[in-house]
Each structure stands twice: as C-alpha cells, then as structure tokens.
Amino acid sequence: MKEEMLKKFHEIFGAGGEIRTFFAPGRVNLIGEHTDYNGGHVFPCALTIGTYGAVRKREDRELRFYSMNFERSGIYHSSLDDLQPKKEAGWTNYPKGVMWAFEERGFQIPCGLDFMLYGNIPNGSGLSSSASVEVLTGYMLRELFGFDVSLTDLALIGQYSENHFNGVNCGIMDQFAIAMGKKEHAIFLDTSNLSYEYAPIRLKDARIVISCSNKKRGLGDSKYNERREECETALKELQAVTDIQSLGQLTEEQFEAYKGAIRSEVRQRRARHAVYENQRTIQAVAALKNDDLEAFGQLMNASHVSLRDDYEVTGIELDTLVEEAWKVDGVIGSRMTGAGFGGCTVSIVKDCSVDRFIRQVGGAYKEKIGYSADFYAVEIGGGPVELS
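What comes next is a walk through the structure. (Residues numbered from 1 in each chain as written. Predicted model: local features only at pLDDT ≥ 70, side-chain atom pairs only at ≥ 80, totals over all residues. Heavy atoms only, no water.)

### As for the overall build of the protein chain
Defined as follows: Only runs of H or I of at least four residues qualify as helices and only runs of E of at least two qualify as strands under DSSP, and these elements are numbered from the N terminus. C-alpha atoms define the radius of gyration in this analysis, and the globule rule sets the expected value at 2.2 Å times the number of residues to the power 0.38. Note on classification: 1.4 Å probe, protein chains only; a residue is buried when its accessible area is under 20% of the maximum for its type, exposed when over 50%, partly exposed between these limits. Residue contacts are counted whenever heavy atoms from the two residues lie within 4.5 Å of one another. In this count, Lys and Arg are taken as positive residues and Asp and Glu as negative ones, while His and the chain termini are left out. A charged residue contributes its charge at one atom only: NZ of Lys, CZ of Arg, CG of Asp or CD of Glu.
Tallying secondary structure elements over the protein chain gives eleven helices and 13 strands in all. Taking 21 Å as the expected radius of gyration for a compact globule of 388 residues, we find that the protein chain reaches 21 Å, a close match to that expectation. Seen through its principal axes, the protein chain has C-alpha atoms that stretch 65 × 50 × 40 Å. For the protein chain, with 388 residues in total, the buried portion stands at 61%. Sequence-distant contacts, at least 24 apart, represent 72% of the contacts inside the protein chain between residues at least 6 apart. Separation of charge centres in the protein chain, based on 44 positive and 55 negative side chains, amounts to 2 Å.

Rendered as structure tokens:
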C-alpha cells in the first residue's frame, strides 16, 4: 500500500521533499454500546483495516488534501490560518479539526502540509472511519513536529475535535481503541477515569465477522446527540435521590430502586440500557477470562435486544442482520456495533459456519431490505504506526 500511495502522491502533488506514510486502524466494539459517554465500560478492539496517510511538509501555511477514496473531488485547499468547519470541506473537516485541537492545546503547527488519505474501512459503516482519520492525523503531527503528546492524549485530542469542531458529542471509546490498539487483544476500558486493561481474545475455532448494512448514516445527522441528552437529563433526575456522577456508577439493583425519580418512561428506558449494558460488559469480560465464549455470546445477544428495545438505535437493517444471524448454527453471538441507525453488526461465528453465515444472512437481508450487505471476516490489529 505504501508504494501505491507514494506513486499517487507524486502524481497529485508533484515530486520533491520527504514524504512520510502512516496507518491508523478502524475499530469494532465487541460489547458496551452507548456506555462511553455515560461513564461506563466498553470493550473495543482495533482492526487490521483502517486509514493510510501520506504527508509532506510545505514551505508556506497552505493545506492541500486529497483522498484516494474520493478522487472525483480532487484537491481541497485550505490554510492553517483558516481552521474552521465548513460543510463543503467534507471529510477534510476531520484532519482540520485535529489540527485546530492541537493549536487549542498550545501546539503551534509551523508549516502547511500536503496530505493524502486512503481508507479501506467501509464508508459510513460504523467502524470509526472518522476516529481513524483523527488519530492518524494526530499521530502524523506528533511524529512530523515532535509534539510531546501520548497515545492517550491523541485519543482525547481526537474526541475534543469531534465534539467541538465537528459538532458530534461522541464519547472517548472510538479514538481510545484506535490510539491504544494491541494485536489480538481487546481493551476493557472504564470511560469514567480512562483506566484500562488489555484482554486477550481467544476465539479458538471461531472468527469475528462484521456485517455492513450499507445503510449510510452520519452521526451528526442522527439521533445520537438526542440519546446523549436524554441520558444526561435522566442522570440529573437520579442525582436528586442518589449521589452519583454518572449512570455507569449504578448496579442493576440500584437502578431499579431509584428509577422512579426519572420523570419520563422513555428516559427510564434510555438510562436502563446504559446501566444494564455497563454491567453486561463487565460480565462479558469476566466470561472471556474464564474461556466461556458461549456466555460472552449470550451477553452480546442481550446487548442487541437492549439497544433495539430500550435505546432504540437499531432499525430494520441492523435488526434483520442480527435476527438472521441468530438463526445460523455456529453463531455464538451477534449484535449491532457502533452508534446505530445503520452501520454494522459484529458476530462471533465458528470457522466451519462462516461461509454459510454469509450466504444465509446475506440472502435473507437482500430479500427483505432490497439491497445487499457486505461481510468482512476481520483480524484484531494494533494501533497507529509509521510505515517503514
């Protein structure tokens, strides 16, 4: 991929200067959905698919962006003196947002850049292509200019830029999982304090299969921010009767005792999901440590039911993929992953059943929805790197 990118870079931006190439992964969350901004636990892993970048310093303050995924758009021109979100800037708002966030932290970018990307994460899939671009950009800036920032800092900078530059009130999970990824491990992260541990993923005779619904979604245009506001309101109502700082601090029993303080049945269901999903995530990691993959799969299934019924972020596409998956022999567990409203599901499927899974789920999905889903048997990879 590196040689292909360098060739394209020269074609688009011209020869000369030192060109450096980087990679940052996408991520999939195995369990713990919509818990990250509620102070709960998540369990994501980085993938071997992600975003590649090539970059070269300029002698002026101009920024030139090009994506091999959107070649018809050509070169987008901007400047370090004009780091503002603009609708017509499209995907370049993500790297620009990270540059802006670095400068907000006092890291002045000394010169402009020629910046080219190629991603092999399915666009709009919910596998965190935006967070992958953010972490990639941050890692590039750190390596190019010697900025003293840790990988955790890169995750926080990426989240800050998405919240305050791109207007999506996301939690920390996506950027953290990408910045801190470790091969063949998932990250058990407590989002309330960013404490974490790596847990080895031992699937034995099974694979992780991502099913992409091909229903495109944009987080900023979805009800993502609305769900977050509903949880924040529920938390304030609960704080009138119990001393908590986040929904993630509650056990199921405590929630049931205090839920009457939430003055809306809808907000009760939103908060119930946040509380119960957090506990499911804790239980799921314990099951994995005990090599109890069947229990892990059952918790994945319960997670999807809660996301469908209490949090209402699935929709017919994701529900069809999951419900058809549950019918296939050899499926250990299946659930939607990511923010919802389209995107992907994640399933753990026995090796001997993967072909049947793709054939059976894919056929039923196309018949019901009217267009095809895409399937990816994925590997767990590491974090961002400079390509040698």
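From this point, the narrative continues.
### Quick word on the nonpolar core
Stated formally: Within this scheme, the nonpolar core is defined by two criteria: the residues are buried Ala, Val, Leu, Ile, Met, Phe, Trp, Tyr or Cys, and they are joined through side-chain atoms within 4.5 Å.
Counting residues in hydrophobic clusters, the biggest one holds 44 residues, and the most contacted among them are Met-99, Phe-102, Leu-113, Phe-115, Leu-141 and Phe-145. Residue assignment for this core shows that the elements contributing at least two residues are β1 (20–29), β4 (62–67), α2 (93–104), β6 (113–119), α3 (129–145), α4 (151–164), α5 (173–179) and β7 (185–190). Per-element accounting of this core gives the leading share, nine residues, to α3. Counting residues in hydrophobic clusters, the runner-up holds 31 residues, among them Phe-43, Leu-127, Leu-288 and Met-300.

### Digging into the packing of aromatic side chains
Cut-off, in case you're wondering: Between 30 and 60 degrees the pair is tilted, below 30 it is stacked and above 60 it is edge-to-face, where a pair is any two Phe, Tyr or Trp rings, Trp via its six-membered ring, whose centres lie within 6.5 Å.
Overall, the coordinates contain 20 aromatic pairs when judged by the stated rule. Three or more aromatic residues joined by ring pairs form one cluster here, namely Phe-102, Phe-107, Phe-145 and Phe-147.

### What about the pattern of salt bridges?
Opposite charge on two side chains permits pairing when their charged atoms draw close. Basically, it comes down to this: One side-chain nitrogen of Lys or Arg within 4 Å of one carboxyl oxygen of Asp or Glu is enough to make a salt bridge.
Applying the stated criterion across every chain yields a total of 33 salt bridges. Counted as one network, the salt bridges with shared partners bring together Glu-226, Arg-227, Glu-230, Glu-265, Arg-269, Arg-270 and Glu-312.

### Quick look at the sheet that holds strand β2 (residues 41–42)
As a reminder of what qualifies: Only strands that DSSP links by at least two bridges are regarded as paired with each other.
Spatial strand order, β2-β7-β8: three strands in an open sheet with antiparallel pairing. Each edge of the open sheet carries a strand with a single partner, namely β2 and β8 (195–200). Here two bridges tie β2 to β7, and the two strands are oriented antiparallel to one another. The residue of β7 that forms the bridge with Val-42 is Leu-189.

### Structural notes on the packing of helix α6 (residues 224–238) against helix α8 (residues 265–289)
Here is the rule we go by: All axes here are fitted lines through C-alpha atoms, helices being fitted over the stretch that makes contact, and every angle between N-to-C directions spans 0 to 180 degrees. Roughly parallel means an angle under 35 degrees; roughly antiparallel means over 145; roughly perpendicular covers 65 to 115; every other angle is labelled oblique.
Between α6 and α8, the shortest axis-to-axis distance is 9 Å and the interhelical angle comes to 95 degrees. Regarding the angle of α6 to α8, the classification is roughly perpendicular. From α6, Arg-227, Glu-230, Cys-231, Thr-233, Ala-234 and Glu-237 reach across to α8, where they touch Val-266, Arg-267, Arg-270 and Ala-271.

### A closer look at the side chain of Asn-163
Keep this limit in mind: Distance and chemistry together define a polar contact, namely a pair of N or O atoms within 3.5 Å, with one atom able to donate a hydrogen and the other to accept it when in protein, and with adjacent residues in sequence counting only for side-chain atoms on both sides.
Position of Asn-163 among the secondary structure elements: in helix α4. At a separation of 3.2 Å, a polar atom in the side chain of Asn-163 contacts the main-chain carbonyl oxygen of Cys-170. The residues contacting Asn-163, other than those within four sequence positions of it, are Val-168, Asn-169 and Cys-170.

### Thoughts on the sheet that holds strand β11 (residues 344–350)
Pairing within the open sheet is antiparallel, and its four strands lie in the order β10-β11-β9-β12. The open sheet has two free edges, formed respectively by β10 (331–337) and β12 (374–378), since each of these has just one partner strand. Taking each pair of neighbouring strands and ignoring which way they run, the sheet shows an average axis angle of 20 degrees. Note that strand β9 (residues 206–212) and β12 share five bridges and pair antiparallel. Of the residues in β12, the one forming a bridge with Ser-211 is Phe-375. Strands β9, β10 and β11 of the sheet are contacted by helix α10 (residues 316–326), whose axis makes an angle of about 175 degrees with β10.

### Overview of the environment of Asn-93
Its place among the elements puts Asn-93 in helix α2. Along the chain, Asn-93 and Ser-130 lie 37 residues apart, while their C-alpha atoms are 9.7 Å from each other. Every residue in contact with Asn-93, bar those within four places of it in the chain, is listed here: Gln-84, Pro-85, Lys-86, Phe-165 and Asn-166.

### A closer look at the side chain of Arg-335
Summarising the element assignment, Arg-335 is placed in strand β10. A polar contact is formed between the side chain of Arg-335 and the side chain of Ser-303, at a distance of 3.0 Å.

### Points about α4
The periodicity of an α-helix, 3.6 residues per turn, causes residues three or four places apart in sequence to face the same way. Note the threshold: In this scheme, a helix's expected span is set at 1.5 Å multiplied by one less than its residue total.
Between its first and last C-alpha atoms α4 spans 20 Å; for 14 residues at 1.5 Å apiece the expected length is 20 Å, and the two agree. Of the positions making up α4, those classed as buried are Leu-154, Ala-155, Ile-157, Gly-158, Gln-159, Ser-161, Glu-162 and Asn-163. Turning to α4, the residues buried within the fold contact α2, α3 and α5.

### Quick look at α6
In this model α6 runs 21 Å from its N-terminal to its C-terminal C-alpha over 15 residues, within 8% of the 21 Å that 1.5 Å per residue would give. For α6, the set of buried residues is Tyr-224, Arg-227, Arg-228, Glu-230, Cys-231, Ala-234, Leu-235, Glu-237 and Leu-238.

### Considerations on unusual backbone geometry
Backbone geometry at His-34 places phi at a positive 60 degrees, although glycine is not the residue there. Along the chain, His-34 falls in the loop between β1 and β2. His-34 gets classed as buried once you look at its relative accessible area, which sits at 4%.

### Quick notes on the pairing of β9
A large share of β9 lies buried, amounting to six of its seven residues. Relative to β11, β9 is paired through seven bridges, and the arrangement is antiparallel. What sits directly across from Ile-208, in β11, is Ile-348.

### Describing the packing of α10 against helix α11 (residues 354–369)
Helix-helix packing is characterised by the crossing angle of the two axes and by the distance between the axes. How we decide: In this scheme the handedness of a crossing depends on how the near helix is turned from the far one: anticlockwise by less than a right angle means left-handed, clockwise means right-handed. Classification convention: Asp, Glu, Lys, Arg as charged; Ala, Val, Leu, Ile, Met, Phe, Trp, Tyr, Cys, Pro as nonpolar; all other residues, Gly among them, as polar.
The interhelical angle for the contact between α10 and α11, taken along N-to-C directions, is 145 degrees, at an axis separation of 9 Å. For the crossing formed where α10 meets α11, the hand is right-handed. Mapping the contact onto sequence places Ile-316, Glu-317, Thr-320, Leu-321, Glu-324 and Ala-325 in α10 and Phe-357, Val-361, Ala-364, Tyr-365, Lys-368 and Ile-369 in α11. Looking at the contact of α10 with α11 residue by residue, the classes come out as eight nonpolar, one polar and three charged.

By themselves, these are just geometric observations and shouldn't be taken as functional.
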